[in-house]
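Residues per chain, in single letters:
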Amino acid sequence: MPEQSGKVQTVLGLIEPGQLGRTMTHEHLTMTFECSHVPPAPGDEGLAAAPIEMKHLHWLQQNPYSHSENLLLNQEIEAVKEELLCYRKAGGGSIVENTTTGITRNLPVLRKLAKETGVHIIAGAGYYVDVTHSDETRKMTVEKVCLTDIIVSEVLHGADGTDIRCGVIGEIGTSWPITESEKKVLRATAHAQTQLGCPVIIHPGRNKAAPGEAIRILQEAGGNISKTVMSHLDRTLFDQQELLEFAKMGSYLEYDLFGTEMLNYPFNLDVDMPSDSQRVQALAFLIREGYEDRILIAHDIHTKHRLTKYGGHGFSHILKNIVPKMLSRGITQNQVEKILIENPKQWLTFK
Ligand SMILES: [Zn+2]
């Protein structure tokens, strides 16, 4: 049995699950997102290249992926540190940092931030979506020179040439349709989870069939679905019946784009991005249907413009604004605590 059993693994080492406190299960503290750059609309090239300024803030909020500098969250370590101190003051305890190979994971920075702010940070093992896979990754098999071994080693020994160990696998990136290279990574994830008894978190493609398909691949490879989080449901599953069908598969159900309100979602123009009010309605619906043990929430901050330094909502938005809204919409204090403390704790504790 690995030493992680019954514990949570942070970038500073193992902790007791009861030490986590309120936990955001899907955030990024340092990363790059150039893989998802969207060319600006004709006529907007100047805005897209200009420094970030107050008078362009609305444009930036509506076109966050068209501004190259906005995609470099790794340039904002000091601002993120300030945010984490505010997050602690607001009652936050822990953050799961989902940056995986392909979007510039930086474990030494995470360790420094954890030391300097007192926020528990849990890092992610594994690989982001196909466009970020290296040729080397593509050539690897699940079993021989081996994706599974690399993921296991990132959890047991440390990642990126450091001794800093990941405490979850993911976010594991998948596109739609799921590519062959992504299927391999999903199978390796399931095999690594079987060896380690660890938490897993998946980024689904932008199609309503994507979450179910990713879970089926994990299941067939022996993964533990009850210890797996499906991210980004707020931009993926809209129909209540389809949501309930998916919920029956048994994964955690994550609404992790709190704070994101935009007219056009450039990665899938068919999607109407919900508002925060609609996200709270979805949580209330899932609770009524009996899924309060399965819900997790977060902001998935991954660009500069969502930091308070750039007029954004920051890492404390859920604690400061969404929790009161949840309470005002009939979700009880007990249910809120379950979503923020108990469910993340159950998920993050190694078997
Ligand atoms: Zn993410």
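Residues numbered from 1 in each chain as written. Predicted model: local features only at pLDDT ≥ 70, side-chain atom pairs only at ≥ 80, totals over all residues. Heavy atoms only, no water.

Looking at an unreviewed UniProt entry, one finds the chain named N-acetyltaurine hydrolase and attributed to Cyprinus carpio carpio. Word for word, the UniProt comment on the chain under Sequence similarities (unreviewed entry) is "Belongs to the metallo-dependent hydrolases superfamily. Phosphotriesterase family." (UniProt positions renumbered as here; feature names shortened; annotations may be inferred.)

A.B. asks: Please clarify how the coordination of the zinc ion should be interpreted in this entry.
C.D. replies: By definition of the ideal shapes, four donors in a tetrahedron about a metal sit 109.5 degrees apart, and six donors in an octahedron sit 90 or 180 degrees apart. Listed as protein donors to the zinc ion are H26 (NE2), H28 (NE2), E171 (OE) and D300 (OD); their distances from the metal cover 2.0 to 2.5 Å. Around the zinc ion, the 4 donor atoms are arranged such that angles at the metal cover 81 to 165°; this shape is classified as irregular. Along the chain, the residues donating to the zinc ion are arranged with the sequence spacing H-x1-H-x142-E-x128-D. Of this pair, H28 sits in the loop between β3 (22-27) and α1 (45-49) while D300 sits in the loop between β10 (295-297) and α11 (317-328), and the two are 272 residues apart along the sequence. Owing to a relative accessible area of 1%, H28 belongs among the buried residues under this scheme. (Donors = N, O, S within 2.8 Å, 3.2 Å for Na, K, Ca; no water. Tetrahedral: all angles 85-135°; square planar, octahedral: opposite > 155°, others 65-115°. Helix = DSSP H or I, 4+ residues; strand = E, 2+ residues; numbered from the N terminus. Buried < 20%, exposed > 50% of the residue type's maximum accessible area, 1.4 Å probe, protein only.)

A.B. asks: Mind showing me how you'd approach empty space enclosed by the protein here?
C.D. replies: To find leftover empty space, one rolls a probe the size of a water molecule over the atoms. All told, the structure shown has 1 cavity of 30 Å³ or more when counted by the stated rule. Here the largest cavity defines a volume of roughly 50 Å³. If you trace the largest cavity, you find it lined by L47, A50, P51, I52, E53, H56, L57, W59, L60 and H67. Examining the composition of the lining of the largest cavity, we find that 3 residues originate from one element, helix α2 (residues 57-62), more than from any other. Taken together, the residues that form the lining of the largest cavity break down as 7 nonpolar, 2 polar and 1 charged. (1 Å grid on protein atoms, 1.4 Å probe; cavity = no way out; pocket = protein on both sides within 12 Å on 5 of 7 lines; lining within 4 Å. Points joined across faces, edges and corners; volume = space filled by probe spheres on them. Nonpolar A, V, L, I, M, F, W, Y, C, P; charged D, E, K, R; others polar.)

A.B. asks: Honestly, the nonpolar core in this entry has me stumped. Any pointers?
C.D. replies: General note: in soluble globular proteins, nonpolar side chains tend to be found buried as a group. In this structure, L29, I121, I169, Y255, L286, I297 and M326 are the most contacted members of the largest nonpolar core, which totals 93 residues. Discounting residues that sit within four places of it in the chain, I169 has contacts with A125, I151, V155, T189, A192, Q193, C198, P199, V200 and I201. Core analysis: the second largest hydrophobic core is formed by 12 residues, I122, I201, L296 and W347 among them. (Core = buried A, V, L, I, M, F, W, Y, C linked by side-chain atoms within 4.5 Å. Contact = heavy atoms within 4.5 Å.)

A.B. asks: I keep staring at the sheet that holds strand β4 (residues 92-97) and nothing clicks. Help me out?
C.D. replies: Note on sheets: strands pair through backbone hydrogen bonds, and any given pair is parallel or antiparallel. Reading across from one edge, β3-β4-β5-β6-β7-β8-β9-β10 is the order of the 8 strands in this open sheet, with parallel pairing throughout. Each end of this open sheet is capped by a strand with a single partner; those strands are β3 and β10. Each strand of the sheet is rotated relative to its neighbour by a mean of 25°, with strand direction disregarded. Relative to strand β6 (residues 168-173), strand β5 (residues 120-125) runs parallel, the two sharing 2 bridges. (Pairing = 2+ DSSP bridges. Axes fitted to C-alpha atoms, helices over the stretch in contact; angles between N-to-C directions.)

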